[in-house]
There are 2 protein chains.
Amino acid sequence: MMSDNSRIIIDFEPISRRLFYKKKENFYQLLVNSSIRVRSQCGGFGTCGKCKLLVQQGLKYLNPPTDSEKKVLSEEEITENVRLACQCSIDEDQIDHLKRLPQPQIRVFLPQESLLEDFKILTSGLNKGVNLNPNVKKVFIEVERPNLKTIIPDFERIVTALSSTTKINKDHIEPSIEFESLKKIPLTLRADNHHITLTLYEENKIIDCEAGNTVANNYGIAFDIGTTTLVGYLINLNDGKIYSTASALNPQTAYGEDVVSRITYIKNNKEGLLKLNASVIDAINVIIDEVCAEAKISPSQIYEATFVGNSVMHHIFLNIDPTYIGLSPYVPAIKKDLNIRSKDINLKINRGGYAYMLPLIAGYVGADTTGIILSSEINKESELTLAIDVGTNGEIIVGNKDILATGSCAAGSALEGAHIKNGMRAAAGAIDSLKIDPANLSVRYTTINNKKPLGICGSGIIDAVAEMLKSKIITRSGGFNKNFIDHESFTKKNKGVEFILVKKEQTSINRDITISQNDIRELQMAKAAFYSGTRIILNFLNKADEVELKIKQIFLAGAFGNYINKSNAKFIGMIPDISDEFIYQIGNAAGIGAQNCLLNVNLRDKARKLIKNIKYVEIAVAQEFQTEYAKAMYFPHLNLEYFPSLTEYNDILKR
Amino acid sequence: MMSDNSRIIIDFEPISRRLFYKKKENFYQLLVNSSIRVRSQCGGFGTCGKCKLLVQQGLKYLNPPTDSEKKVLSEEEITENVRLACQCSIDEDQIDHLKRLPQPQIRVFLPQESLLEDFKILTSGLNKGVNLNPNVKKVFIEVERPNLKTIIPDFERIVTALSSTTKINKDHIEPSIEFESLKKIPLTLRADNHHITLTLYEENKIIDCEAGNTVANNYGIAFDIGTTTLVGYLINLNDGKIYSTASALNPQTAYGEDVVSRITYIKNNKEGLLKLNASVIDAINVIIDEVCAEAKISPSQIYEATFVGNSVMHHIFLNIDPTYIGLSPYVPAIKKDLNIRSKDINLKINRGGYAYMLPLIAGYVGADTTGIILSSEINKESELTLAIDVGTNGEIIVGNKDILATGSCAAGSALEGAHIKNGMRAAAGAIDSLKIDPANLSVRYTTINNKKPLGICGSGIIDAVAEMLKSKIITRSGGFNKNFIDHESFTKKNKGVEFILVKKEQTSINRDITISQNDIRELQMAKAAFYSGTRIILNFLNKADEVELKIKQIFLAGAFGNYINKSNAKFIGMIPDISDEFIYQIGNAAGIGAQNCLLNVNLRDKARKLIKNIKYVEIAVAQEFQTEYAKAMYFPHLNLEYFPSLTEYNDILKR
């Protein structure tokens, strides 16, 4: 099956995404519909000028600059082929012609300032300097036909043909063949006159054979198995580009929201592990179907899948009992990286394909952390850097080129929208940023994709709490300020008062969107977990090295609301007090780690070496944990000297 | 599960068989019931003295010599602990005491002259000088318990414990673990306080883990997949002994008697390959259950199975389409040896276990031939040796330390009893040898296990035809002598006359057991195939080397009737005319090859090297084939000068 040539492809750089253009779509819609976060304040009406892009190739196929663009962009920008994503689309008259040309004809560059993630730190794959050297390669060969003079069996003739191609078999290791492929050999060889394409795994292992030349159809898929969210990225292994992505709720949430409750479920239910395992495998297979449908390929053209996920997700995905991760001393069954045959885990990719599991670091620091280290290259930084992965299970990495330490904290799922009254995941309609006017407590907000608000996501919750603090609606210890609760922005509920962010008339749920006392507590616990965890790792390193280490740089990774307001994250005391310019949002760094391992097999060696030298800190059992945690529950912290830059707010904070 | 200690074990040498004694059984019955062919003319009444054996250990537990033994054996023999198998059993009074002792306490040596196969050439396994070096080894280790100070996952602690054992990991290759075993690790490790037994495949791959010390339970099974018969040998990989054997009819015979008709069935039936594959796998799994029941072990204690079989059996067993073996130029899909996971082919041994397929040589010279070469070591002989494997597909090997050539002939299944009116496999009640008195045409015969005759097996048919020739009942061209057909030993049937071997009153089938004209034709075709095949291979070697090679030694392998009368085989012209003393019957040499590969993994390297240097002759397409075959149809051959030793029969043969 060849990929459908009648579609128009647009390549977006530096994010290395290949998108398929749909009729009457502008580039902003195309990007947003493909989950690529582009800045916009006007909601795509061409007035804010935030969604600039640079057309590097194929300008002639696009509509001419619109009146809006002529207003917002400078003449120089227009000459340099800068466009606004929301105004730019393919010229209707060009579409039929364009479809007949070899694809892609159009390449677009997205400048850093148009994107919501800091690609300065984290561009994916090829743009990060990851060379293309996948574990799976396809080779087209013509095999000699058999004859009576020298009777050579099919496989042995194939090996001869393969050895004469220069691309492979440098080490003269005799190729082996997977049993599933061997069974196909006799008929495949004769289906197209002894012309076949072999799929090679680790250079020398034949894992598939197809009639004719199918070299172009060589795909891999990278997965991030989050406690709450599953994401899959379909990547073409010949060009390294992402052809489609899909995500889904981890169906295991039905059996427990965090890893501990899932372990408990497994302990208490006879078929518990099997159920949880089957549910995640099923969901992963649905994602595979989705990304394949989007890219119009067959799942059998995916030969390798790479996976990151925390240790419990890793174990359940592999049907390994995670019970002992939940019991002191919290050991996983294995930490080394694994290659597992797709059919052993019922993964619906090619039957000869493989799953690659990135290595774990410890019971509560999983392959997702390995992925973050690989993709962020924190281990190459000269300044001491803190990386935190905000998810239901929060991972903390502190390190630079000399040291590397990790630990994990039970952050809870508040920042993923769970346990928050009107919380939701970062999806269309989620309030992702807001401001409160201290004068009248009126709220201005933005939502993802500018939809009518449905709820509030992680970044919105951080903003809400920070703004409520600044407006003195809440106190440093997190309680509602009694002086305000009779204000019209408050609503009385059975369990107390709630602060109204959006009145029900303006929502699409026909209920007020509010922040409750409990919501604030949930956020407090999450941010205290991150802050105290970071301090404990620092203490550990200080003790070990007898120096006073200071965080100079922060990487924020994970599925945040839309994007996090760095000042507000600092203001509530979630992260240490350093200048905004040294705080970077690096998006789904774990997932990009999985993508990079798919693109270049050498990174797996790197990962193996890396995890040998990482110091692991068991945060929750540290002596000082309880005290540190309790002190970090305050906004921003009981010790205000930890946050010297917040002196302007002294009137609020010192009350 | 430990093996049952309450059973009495007797080790039989030099055949390396460990048998379990059943109450009230004499040693002859024990051997015969275990398919070990012991000579006997009197049927176990202690009068013929053919079943002598030597008690090497444990004489005190046996009954004292019987009156029969005192008559048949010399005083010297009795002093030297020689006994008759049919008179010898365990003393009833000793049984309870003996059962409480560590086993085995009794060892018995079977002299060559008591056995029906020529162990001079072919003793199995250890006695042939095959060292014990199986591919699967078990190691008992104590693993360090986890602690909070240095958190090391289960697998990594196991590797540390494993590396400190001196037995393995010489090459410092990091051990890997099969996915099935990995899943068992957490619970197994904690089931017996971190004491576990690992099963290692190829030194470094962990394929099973069990709680406690289970090193003793390490079994393998060797299989011979014949076109007509399946045989399995259960071997303990710690001591190299065969613990039990079982055989069955290949259920594929229902779909076609020979390999060509099975290929045709597969070509003509949509699910044909699947059906044939499933039927043989099912039968193999039944054999596994049988040998395990007999040895009182669980199939999960079998970790490796080795297989020999012709190329078509090999392909169907692996579910590989054998169609192209049936079409010129007759190429198999692969010839190299294969390691295949047991669960990939639904083999009911340990789920982490492996099947090892010995390498093929060509489309019609399969792994069975490789097995014969390995076990007979024909490639080490100084004299030019002919080895023929008599089965439905007949393989011919000609070689010595300098050259090696093989080919195959369509011998048909006459020698396995098929297509013969009263033919049957070599089982109890089969006439396996006979003599005809030329004076009155009366027949004296023996049957397997001295049962009332049921039919006639391969060796009986050879005898019958040879004796009919000598008695002038048939002519050199294979037709009945018209002068005899009115004799009372003939019976008239619709299609002609038949010579009566046994009158119906003396059979257990209540029908005459006869030889028909068609039976003689079938044997003629079989013997002509072998003889002409041998000549064509010799011609090939002579042409290549420009010398006149002569066969000096013959090995007869395969599931013959009971044992073949060498003179008669020569007399009918099935094998070249050399002195009887240089003709050896080597039993199921292919099966022993499979056993030896199980016992010592180095033999697999040997096999790989061997098959690279074997010359393969496509007998059926040789120019001279038709002529050679036609000439070989005569008894013994059209050219009498090929059989100079038969001059005493000149009056018969020159007629």
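Residues numbered from 1 in each chain as written. Chains lettered and ligands numbered in written order. Predicted model: local features only at pLDDT ≥ 70, side-chain atom pairs only at ≥ 80, totals over all residues. Heavy atoms only, no water.

A. A look at the overall build of chain A. Along the backbone of chain A there are 17 helices and 27 strands. The C-alpha radius of gyration of chain A comes to 27 Å, within 12% of the 26 Å expected for a compact globule of 655 residues. The principal-axis extent of the C-alpha atoms belonging to chain A is close to 100 × 65 × 45 Å. Here chain A, with 655 residues, has 61% of them falling under the buried criterion. Long-range contacts, defined as pairs at least 24 residues apart, comprise 68% of the intrachain contacts of chain A with a sequence gap of at least 6. For chain A, the accessible surface area stands at approximately 25600 Å², while carbon and sulfur atoms represent 49% of it. Positive and negative side-chain charges in chain A, numbering 77 and 75 respectively, have mean positions lying 2 Å apart. (Helix = DSSP H or I, 4+ residues; strand = E, 2+ residues; numbered from the N terminus. Rg over C-alpha atoms; globule rule 2.2 N^0.38 Å. Buried < 20%, exposed > 50% of the residue type's maximum accessible area, 1.4 Å probe, protein only. Contact = heavy atoms within 4.5 Å. Areas by Shrake-Rupley, 256 points an atom, 1.4 Å probe, with all protein chains shown as cover. Lys, Arg positive; Asp, Glu negative; His and termini not counted. Charge placed at Lys NZ, Arg CZ, Asp CG, Glu CD.)

B. View of the pairing of strand 26 (residues 583-587) of chain A. All names here are of chain A. Here strand 26 lies mainly inside the structure; five of its five residues are buried. With burial as the criterion, each face of strand 26 is covered, one bearing Ile583, Gln585 and Gly587 and the other bearing Tyr584 and Ile586. In terms of strand pairing, strand 25 (residues 553-558) meets strand 26 through four bridges, oriented parallel. Counted as the bridge partner of Ala557 is Gly587 from strand 26. (Pairing = 2+ DSSP bridges.)

C. Just the pattern of salt bridges, in detail. With the rule as written, the count across this model stands at 55 salt bridges over all chains. Note that Lys241 of chain A and Glu13 of chain A form a salt bridge whose closest N and O atoms lie 2.8 Å from each other. Here Lys241 of chain A, found in the loop between strand 11 (229-236) and strand 12 (242-249), pairs with Glu13 of chain A, found in strand 1 (residues 9-13); they are 228 residues apart in sequence, far enough to count as distant. We note a salt bridge from Arg341 of chain B to Asp344 of chain A, for which the minimum N-O separation is 2.8 Å. With Arg341 of chain B in strand 14 (residues 338-341) and Asp344 of chain A in the loop between strand 14 (338-341) and strand 15 (354-357), this residue pair bridges two chains. The same class applies to Arg341 of chain B as to Asp344 of chain A, namely buried. (Salt bridge = Lys/Arg side-chain N within 4 Å of Asp/Glu carboxyl O.)

D. Structural context of the relation of the copies chain A and chain B. Taken as rigid bodies, chain A and chain B are interconverted by a rotation of 180° and an axial shift of 0.1 Å, the fit giving an RMSD of 0.1 Å. The symmetry that links the two subunits is that of a two-fold axis. Looking at the rotation axis and the C-alpha trace of chain A, the residue lying nearest is Asp344 of chain A, at 5.0 Å. Looking at chain A, 100% of its interface residues are interface residues in chain B too, so the copies touch through the same face. (Least-squares fit on C-alpha atoms with pLDDT ≥ 70 in both.)

E. Structural view of the domain arrangement of chain A. All names here are of chain A. In terms of domains, chain A is made up of domain 1 (3-114), domain 2 (136-211), domain 3 (219-357) and domain 4 (383-655). Each of domain 2 and domain 3 has a C-alpha centre, and these two points are 31 Å apart. Buried area between domain 2 and domain 3, summed over both chains or domains, comes out near 950 Å², and the portion from carbon and sulfur atoms is 47%. When residues of domain 2 are sorted by the area they lose upon contact with domain 3, Val136, Glu180 and Tyr201 head the list and together hold 51% of the total. Connecting domain 2 to domain 3 are three salt bridges. A salt bridge links Glu180 to Lys343; the nearest nitrogen and oxygen atoms lie 2.5 Å apart. Linking domain 2 to domain 3 there are nine residue pairs in polar contact (both at pLDDT 80 or more). Only strand 6 (136-142), strand 8 (195-201) and strand 9 (205-211) provide two or more residues apiece to the side of domain 2 that touches domain 3. With four residues, the top contributor of residues to the side of domain 2 that touches domain 3 is strand 9. (Domains from an automatic or database assignment. Buried area = accessible area lost by both parts, 1.4 Å probe. Polar contact = N/O pair within 3.5 Å; in protein donor to acceptor, adjacent residues only side chain to side chain.)

F. Spatial organisation of the packing of aromatic side chains. Applying the stated criterion across every chain, the model contains 31 aromatic pairs over all chains. Between Tyr255 of chain B and Tyr265 of chain B, the aromatic rings sit 4.9 Å apart at their centres with planes inclined by 55°, giving tilted as the arrangement. Taken together, the residues Tyr255 of chain B in the loop between strand 12 (242-249) and helix 7 (259-268) and Tyr265 of chain B in helix 7 connect sequence positions ten residues apart. Judged by its relative accessible area of 25%, Tyr255 of chain B falls in the partly exposed class. Tyr265 of chain B gets classed as buried once you look at its relative accessible area, which sits at 17%. Considering the side-chain rings of Phe307 of chain B and Phe317 of chain B, the 4.5 Å spacing of their centres and the 40° angle between planes classify their relative orientation as tilted. With Phe307 of chain B in strand 13 (residues 302-309) and Phe317 of chain B in helix 9 (residues 311-317), this pair connects stretches of sequence that are ten residues apart. Taken as a pair, Phe307 of chain B and Phe317 of chain B share a single burial class, namely buried. Grouped by ring-pair contacts, the aromatic residues Phe12, Tyr21 and Phe27 of chain A constitute a single cluster. Looking at Arg604 of chain A, its charged tip hangs above the ring of Tyr356 of chain A, at a distance of 4.2 Å from the centre. (Phe/Tyr/Trp six-rings, centres within 6.5 Å; stacked < 30°, edge-to-face > 60°. Lys NZ or Arg CZ within 6 Å of the ring centre and 35° of its normal.)

G. Just unusual backbone geometry, in detail. The omega torsion of the bond from Gln103 of chain B to Pro104 of chain B falls at -5°, within 30 degrees of zero and hence cis. Its location among the elements puts Pro104 of chain B in the loop between helix 4 (95-100) and strand 5 (106-109). With a phi angle near 70°, Glu203 of chain A is a residue other than glycine that sits in the positive phi range. Overall, the relative accessible area of 25% leaves Glu203 of chain A in the partly exposed class. The phi torsion at Glu377 of chain A lies on the positive side, around 55°, for a residue other than glycine. When its relative accessible area of 21% is taken as the criterion, Glu377 of chain A is described as partly exposed.

H. Layout of the sheet that holds strand 17 (residues 394-399) of chain B. All names here are of chain B. If you trace the six strands from one edge of the open sheet to the other, you get 26-25-16-17-18-27, paired in mixed fashion. This sheet does not close on itself; its edge strands, each paired only once, are strand 26 (583-587) and strand 27 (615-616). Pairing between strand 18 (residues 404-409) and strand 27: two bridges, direction parallel. Each bridged residue has a counterpart across the sheet, and for Thr406 the counterpart in strand 27 is Tyr616.

I. A look at the side chain of Thr447 of chain A. Residues and elements named next belong to chain A. Here Thr447 lies in strand 20 (residues 443-447). Residue class for Thr447 comes out buried when judged on its relative accessible area of 9%. At a separation of 2.6 Å, a polar atom in the side chain of Thr447 contacts the main-chain carbonyl oxygen of Lys451. If sequence neighbours within four positions are ignored, Thr447 has contacts with Gly429, Ala430, Ile431, Asp432 and Pro453.

J. Broad picture of the pairing of strand 20 of chain A. All names here are of chain A. The pairing of strand 19 (residues 430-436) with strand 20 spans five bridges and is antiparallel. The residue of strand 20 that forms the bridge with Lys435 is Arg444. Between strand 19 and strand 20, which pair antiparallel in sequence order, lie six residues; one of them, Leu441, sits at a positive phi of approximately 60°.

K. Summary view of the interface of chain A and chain B. Facing the 41 residues of chain A at the interface are 42 residues of chain B. Both sides together, the interface formed by chain A and chain B hides about 3700 Å², and carbon and sulfur atoms give 71% of it. Contact with chain B buries surface across chain A, with Ile151, Phe179 and Tyr324 of chain A losing the most and accounting together for 16% of the total. If you look at where chain A meets chain B, you find four salt bridges. Between the two partners, chain A and chain B, sit 13 residue pairs in polar contact (both at pLDDT 80 or more). When residues of the side of chain A that touches chain B are traced back to their parent elements, those giving at least two are helix 5 (154-163), helix 6 (179-191) and strand 14 of chain A. Top element by residues in the side of chain A that touches chain B is helix 6 of chain A. It accounts for seven residues. Residues of the side of chain A that touches chain B, tallied by class, amount to 25 nonpolar, three polar and 13 charged. (Nonpolar A, V, L, I, M, F, W, Y, C, P; charged D, E, K, R; others polar.)

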